[in-house]
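# Summary of the model geometry
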Amino acid sequence: MADTALGRQIADSVRQAVAEAAAYVALVTQTNPRGSADALLKRPDISAVLQQALDAARGAAEETVQQAWQGAGAPGEHETLGHLLTDVSRLFGDIAHLRGLVRHAHASVPQRQFVRGVTPPGENPSQRAAEERAEAVRRALAGWARSAALRARMAVQTAEGAASAAAVLADALAREERGEKLRKRWRAHVSSPSCCFWCRRLNGVTIGLRESFEPYLGGPVAMLQVGPRYVRTPAGERRFGMPAGTRIIYTHPPRPYRGKLQGPLLHPFCRCWLEVVRAGGAEIPAGDERAAQSAGFLSAADVRAMPEDVYQADVAFLNAALDELDQVLKRLAGGSD
């Protein structure tokens, strides 16, 4: 599901709420050229303005997430909706972070004094520094607002997509209880250039209503347009459990929201949808590893367990097979034996 009017609406609301607070904090900063960051942040009006901006943004985001969820006809009490509202509350619940941004931006422009014989006549270094300091504070808060607006937009878009899948699945489960034999199928816009590799991989996968699509994502893949990556730092060694210099197989599948993948969405701004079909026909049985592999899907565990030389050998073999197939097709197209 692409970005929608609700997503753009909440992004504008968040940016506007924080922009008003940023303008006020910047004005106070500019009119107090000799003031310190501590003195600024101790002012009750500054704390009140920042808290008011957070409360306004949080209220708008929570309302929009609920509106997006209800608009899809999903069950009102749902685990995913609860998680999304918790995420929104956490995003706009940390005034200490905003105060830290203001403090850092304020300190980034030091005080300046008029120096006789050095400062040009008519110049006011202290006031000039205050103006730069105020602009730094405004930019810091505006930057946070852009990031928060994007995350709020993602929460709303996730609510819209997940609610649509939840509504389809809830209806299918009710029908199953009445005796119908149904399965769910992942659908992606594979004809769209914006459709990602992983959504293309899931397209058409058909499993039981209570099963997860996550095993069918497969493991890491080497993207042709991406250069090789290597473990380079101690942090990388801890993360991957491998020594520095080891090649990292690129790239890992997206992590499903909250670790569950009962249906779309797979990632922010995913446009996939869930389809319910009757049992039977050409399907990939849930939990049948051999069937999944025959359909072109490998489990993440299988790929991670591959030694690097085996993985590279398999990639080289597939490239050679594709080249050979290309030559055969060219010969057939040319009418030669």
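In what follows, the accompanying structure is described. (Residues numbered from 1 in each chain as written. Predicted model: local features only at pLDDT ≥ 70, side-chain atom pairs only at ≥ 80, totals over all residues. Heavy atoms only, no water.)

On to the sheet that holds strand 1 (residues 182-187). Within a sheet, adjacent strands bond to each other through the backbone by hydrogen bonds, running parallel or antiparallel. Spatially, the three strands line up as an open sheet ordered 2-1-5, and their pairing is antiparallel. Edge strands, defined here as strands with exactly one partner in the open sheet, are strand 2 (206-208) and strand 5 (273-278). On average, adjacent strands in this sheet sit at an angle of 35 degrees to one another, irrespective of strand direction. As paired strands, strand 1 and strand 2 are joined by three bridges and run antiparallel to one another. Each residue of the ladder has a partner; that of Arg185, found in strand 2, is Thr206. In the packing of helix 6 (residues 125-177) onto the sheet, contacts are made with strand 1 and strand 5, and the angle to strand 5 comes to roughly 15 degrees. (Pairing = 2+ DSSP bridges. Helix = DSSP H or I, 4+ residues; strand = E, 2+ residues; numbered from the N terminus. Axes fitted to C-alpha atoms, helices over the stretch in contact; angles between N-to-C directions. Contact = heavy atoms within 4.5 Å.)

Two elements in contact, helix 4 (residues 79-91) and helix 6, have axes whose closest approach is 10 Å; the angle formed by their N-to-C orientations is 175 degrees. On the basis of the axis angle, helix 4 is roughly antiparallel to helix 6. Contact residues: Thr80, Leu84, Val88 and Leu91 in helix 4; Trp144, Ala148, Arg151, Ala152, Ala155, Thr158, Ala159 and Ala162 in helix 6. Partitioned by chemical class, the residues of the contact of helix 4 with helix 6 number nine nonpolar, two polar and one charged. (Parallel < 35°, antiparallel > 145°, perpendicular 65-115°, else oblique. Nonpolar A, V, L, I, M, F, W, Y, C, P; charged D, E, K, R; others polar.)

Here helix 5 (residues 95-107) is 13 residues long and its end C-alpha atoms lie 18 Å apart, about the 18 Å a rise of 1.5 Å per residue gives. Regarding helix 5, the residues found buried are Leu98, Val102, Ala105 and His106. Taken end-on, helix 5 shows its buried residues confined to a sector of 100 degrees, consistent with a single buried face. Turned more than 90 degrees from where helix 5 packs its buried face, Ala96, His104 and Ala107 sit exposed. Looking at the buried positions of helix 5, the neighbouring elements they touch are helix 1 (5-30), helix 2 (37-42), helix 3 (44-71) and helix 6. Backbone nitrogen of Ala96 and a side-chain oxygen of the N-cap are separated by 3.2 Å at the start of helix 5; the cap is Asp94. (Expected span 1.5 Å × (residues − 1). Buried < 20%, exposed > 50% of the residue type's maximum accessible area, 1.4 Å probe, protein only. Arc of directions from axis to C-beta. Polar contact = N/O pair within 3.5 Å; in protein donor to acceptor, adjacent residues only side chain to side chain.)

Under the counting rule described, the total for this entry stands at 17 salt bridges. Here Asp87 ties to Arg90 by a salt bridge, and the two come within 3.1 Å at their closest N and O atoms. Here the residue Asp87 and the residue Arg90 both occupy positions in helix 4, the gap between them amounting to three residues, near one helical turn. One network of salt bridges, with partners in common, ties together Asp171, Arg175, Glu180 and Arg278. (Salt bridge = Lys/Arg side-chain N within 4 Å of Asp/Glu carboxyl O.)

What follows concerns the packing of helix 1 against helix 3. Direction vectors running N to C along helix 1 and helix 3 enclose 180 degrees, while the axes themselves pass 9 Å from each other. The pairing of helix 1 with helix 3 is recorded here as roughly antiparallel in orientation. Across the interface between the two elements, Leu6, Gln9, Ile10, Ser13, Val14, Ala17, Val18, Ala21, Tyr24, Val25 and Val28 of helix 1 pack against Asp45, Ile46, Val49, Leu50, Ala53, Ala56, Ala57, Ala60, Ala61, Thr64, Gln67 and Ala68 of helix 3. Residue classes in the contact of helix 1 with helix 3 are distributed as 18 nonpolar, four polar and one charged.

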